[in-house]
Amino acid sequence: MKRAVLTTLASLTLLGAAARAEGPPRPGPPRDVDVPSTTELTLPNGMRATLIPFGTLPKVTVDLSVRTGNIDEAADQVWLSGLTGELMEEGTTTRSAEEIALAAARMGGQLAVDVGFDTTEIEGDALSECGPELVKLIADVAQRPRLPEADVPRIRADLLRALSIAKSDPAQLAREKLGALLYPGHPYGRLFPEPAMLKGYSAAHARAFHEANFAAARAHLYVAGRFDVAGVEAAIRDAFGSWKRGAEPKRTPPVGRSAREIHVIDRPGAPQSVVRLALPVIERRHPDSIALEVTNALLGGAFSSRITSNIREQKGYTYSPVSVLVDHRRTAYWVEAAEITTAVTGPALKEIFAEIDRLQAEPPSQEELSSIKRYMAGAFALQMSSRGSLINALEDVDLQGLPDDHLDTYVERVLAVTPEDVRRVAQKYLDDSRMTIVIAGDRAAIEAQIKPFATIR
């Protein structure tokens, strides 16, 4: 018996060694992702609603997405939408802030207002049986906020502190400068207000902003989870049916601008250079958009991407570089972001541009591309696995005006991208001769390093 056990262990050891030599088992082909069916409603006042029965947990997420935010701020109103959103959490004409919080807590969840560039979200979670009640609470916050003057000084002080902290962060300074260069004179290019601007805001400004921009024609309610569909639909019609229609937003998408030049935000003595390289690219509705997503993931958007492997793993110039496609409504830009050791700022730029040029000149191998596509398919499957992420994906389809089958066919279209597609897209849209470079760092220490790459502004 003892000899048999030893023989078995020896055999297993040999099998283990053989398996290690061969490497881990190859992953199987990505599976299709089943996007849940939805029920669509449009009220007589123009408000839309999407109901998504989903999951097994007895929870429901309700998200009212209103097409307003920083996009509706004038040049002298930066962060006014944020102040308005903060004030909306301070109570309605029928409930105090405490009563709102207690009502959400009794439903087993919470409620928050989140303001972005293109949309303002009023969202909350609750136990399934509380879905209709949560719909009514969100309707109250959206339609009847008190926007009290008494709370403005406190919120304004909070915003001023947040502004001060942001302006001390070199990454935020680089982001601010990049936005102003890519979208000059447009709300997408205005990241921070001047302190004096913030100090001048009052509740009257917030009320005027709310009156002008919150209305049914701009609103889309999403409900995802386990809930009584008939009960939630009745609550939607009852709570939102009398909301003023208002006007739909009419906006001309900005034309992004870029040029091969370097803008330095001088930070004497900085141990790192915060580097951003960017240029405008195609919007999400373009036929090449999926191929560009794949190209970005392969180039710099995944941990195994080429730029990351080069300047992080091989060279040790930076810890966490990443490239991202940043979407606004009807416009987008590509950006490579990295915090690079000051002494190797120039060499890191050289490697980044070399990786872009290499991808433009030679398509990736089928094996490398397949690995990236499997990664993207898996990430998409995770995105479709939670209520909040599913709502975000549906909101994105609506905001960008994407086809109704965008989510259903996403994985299929990712898997259809070829090596030659990647080379073509990199060559056509990631033109490094037009990339704007922003660096927040020690100018004296990096100027000689970066001078060969572009004119320094």
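Residues numbered from 1 in each chain as written. Predicted model: local features only at pLDDT ≥ 70, side-chain atom pairs only at ≥ 80, totals over all residues. Heavy atoms only, no water.

K.L.:
Account for the nonpolar core, with residues named and values stated.
P.N.:
The tendency in soluble globular proteins is for nonpolar side chains to be buried as a group. The biggest cluster of nonpolar side chains holds 71 residues, and the ones touching the most others in it are Met-47, Leu-64, Ile-122, Leu-221, Ile-236, Phe-240 and Trp-243. If you tally residues by element for this core, the top one is helix α4 (residues 131-143), at 7 residues. Contact partners of Leu-64, with chain neighbours within four places excluded, come to Met-47, Thr-120, Glu-121, Ile-122, Ile-138, Ala-142, Ala-219, His-220, Leu-221, Phe-240 and Trp-243. With 65 residues, the next largest nonpolar core counts Leu-279, Leu-349, Met-384 and Ile-456 among its residues. (Core = buried A, V, L, I, M, F, W, Y, C linked by side-chain atoms within 4.5 Å. Buried < 20%, exposed > 50% of the residue type's maximum accessible area, 1.4 Å probe, protein only. Helix = DSSP H or I, 4+ residues; strand = E, 2+ residues; numbered from the N terminus. Contact = heavy atoms within 4.5 Å.)

K.L.:
An account of α4 is requested, with residue identities and associated values reported.
P.N.:
Note: α-helices contain 3.6 residues per turn, so residues at a spacing of three or four share the same orientation. For α4, built from 13 residues, the straight-helix expectation of 18 Å at 1.5 Å per residue is met to within 8% by its first-to-last C-alpha distance of 18 Å. Burial analysis of α4 places 10 of its 13 residues in the buried class, which makes it a mostly covered element. Those residues of α4 not exposed but buried are Gly-131, Leu-134, Val-135, Leu-137, Ile-138, Ala-139, Asp-140, Val-141, Ala-142 and Gln-143. (Expected span 1.5 Å × (residues − 1).)

K.L.:
Can you tell me about the sheet that holds strand β6 (residues 219-225), naming the residues and giving the values?
P.N.:
Reading across from one edge, β1-β2-β6-β3-β5-β4 is the order of the 6 strands in this open sheet, with mixed pairing throughout. One side of each edge strand has no neighbouring strand; the edge strands of this open sheet are β1 (39-42) and β4 (111-115). Strand after strand, the sheet turns through a mean of 15° between neighbouring axes, direction not considered. Pairing geometry for β4 and strand β5 (residues 120-127), over 5 bridges, is antiparallel. From the neighbouring strand, Val-113 faces β5, where its bridge partner is Ile-122. (Pairing = 2+ DSSP bridges. Axes fitted to C-alpha atoms, helices over the stretch in contact; angles between N-to-C directions.)

K.L.:
Tell me about a negative patch on the surface, and please be specific about residues and values.
P.N.:
A surface patch of like charges, here negative, comprises Asp-34, Glu-40, Asp-404, Asp-405, Asp-408 and Glu-412. On the secondary structure map, Glu-412 appears in helix α15 (residues 410-415). Given the relative accessible area of 55%, Glu-412 is considered exposed. (Patch = residues over 30% accessible without salt bridge, like charges linked within 9 Å, V, L, I, M, F, W, Y side chains within 5 Å. Areas by Shrake-Rupley, 256 points an atom, 1.4 Å probe, with all protein chains shown as cover. Salt bridge = Lys/Arg side-chain N within 4 Å of Asp/Glu carboxyl O. Lys, Arg positive; Asp, Glu negative; His and termini not counted. Charge placed at Lys NZ, Arg CZ, Asp CG, Glu CD.)

K.L.:
Describe the sheet that holds strand β8 (residues 272-281), and please don't skip the residues or the numbers.
P.N.:
Spatially, the 6 strands line up as an open sheet ordered β9-β10-β8-β11-β7-β12, and their pairing is mixed. For this open sheet the edge positions go to β9 (322-328) and β12 (455-456), each flanked by a neighbour on one side alone. Where strand β7 (residues 261-266) lies against strand β11 (residues 436-441), 6 bridges are found, and the strand directions are parallel. Following the sheet pairing, Val-264 is matched in β11 by Ile-439. Lying on the sheet, helix α6 (residues 170-182) is in contact with β7, β8, β10 (331-341) and β11; it crosses β8 at an angle near 25°.

K.L.:
Before we move on, could you go through the pattern of salt bridges and cite the residues and values that matter?
P.N.:
Per the counting criterion, the structure on display carries 26 salt bridges. The partner of Asp-398 in a salt bridge is Arg-48, with the nearest N and O atoms 2.6 Å apart. Residue Asp-398 is found in helix α14 (residues 387-400), and its partner Arg-48 is found in strand β2 (residues 48-53); the two are separated by 350 residues along the sequence. Of the residues examined, Arg-48 reaches a relative accessible area of 35% and is grouped as partly exposed. Two residues, Arg-284 and Asp-327, come together in a salt bridge whose shortest N-O distance is 3.4 Å.

K.L.:
Hey, could you go over the packing of helix α10 (residues 289-301) against helix α11 (residues 306-314) for me, with residue numbers and the actual values?
P.N.:
Put simply, α10 and α11 touch, their axes get as near as 5 Å, and they point 5° apart. As summarised for this structure, α10 and α11 are arranged roughly parallel, according to the angle between their axes. Residues Leu-298, Leu-299 and Gly-300 of α10 pack against Arg-306, Ile-307 and Thr-308 of α11. Here the contact of α10 with α11 is built from residues that sort into 3 nonpolar, 2 polar and 1 charged. (Parallel < 35°, antiparallel > 145°, perpendicular 65-115°, else oblique. Nonpolar A, V, L, I, M, F, W, Y, C, P; charged D, E, K, R; others polar.)

K.L.:
If you had to explain the side chain of Arg-284 to someone new, which residues and values would you point to?
P.N.:
Inspection of the secondary structure assignment puts Arg-284 in the loop between β8 and α10. Given a relative accessible area of 14%, Arg-284 falls into the buried group. Engagement of the side chain of Arg-284 in a polar contact is seen with the side chain of Asp-327, the distance being 3.4 Å. Excluding residues within four positions of it along the chain, Arg-284 makes contact with Ser-289, Glu-293, Asp-327, Asp-396, Gln-400, Leu-402 and His-406. (Polar contact = N/O pair within 3.5 Å; in protein donor to acceptor, adjacent residues only side chain to side chain.)

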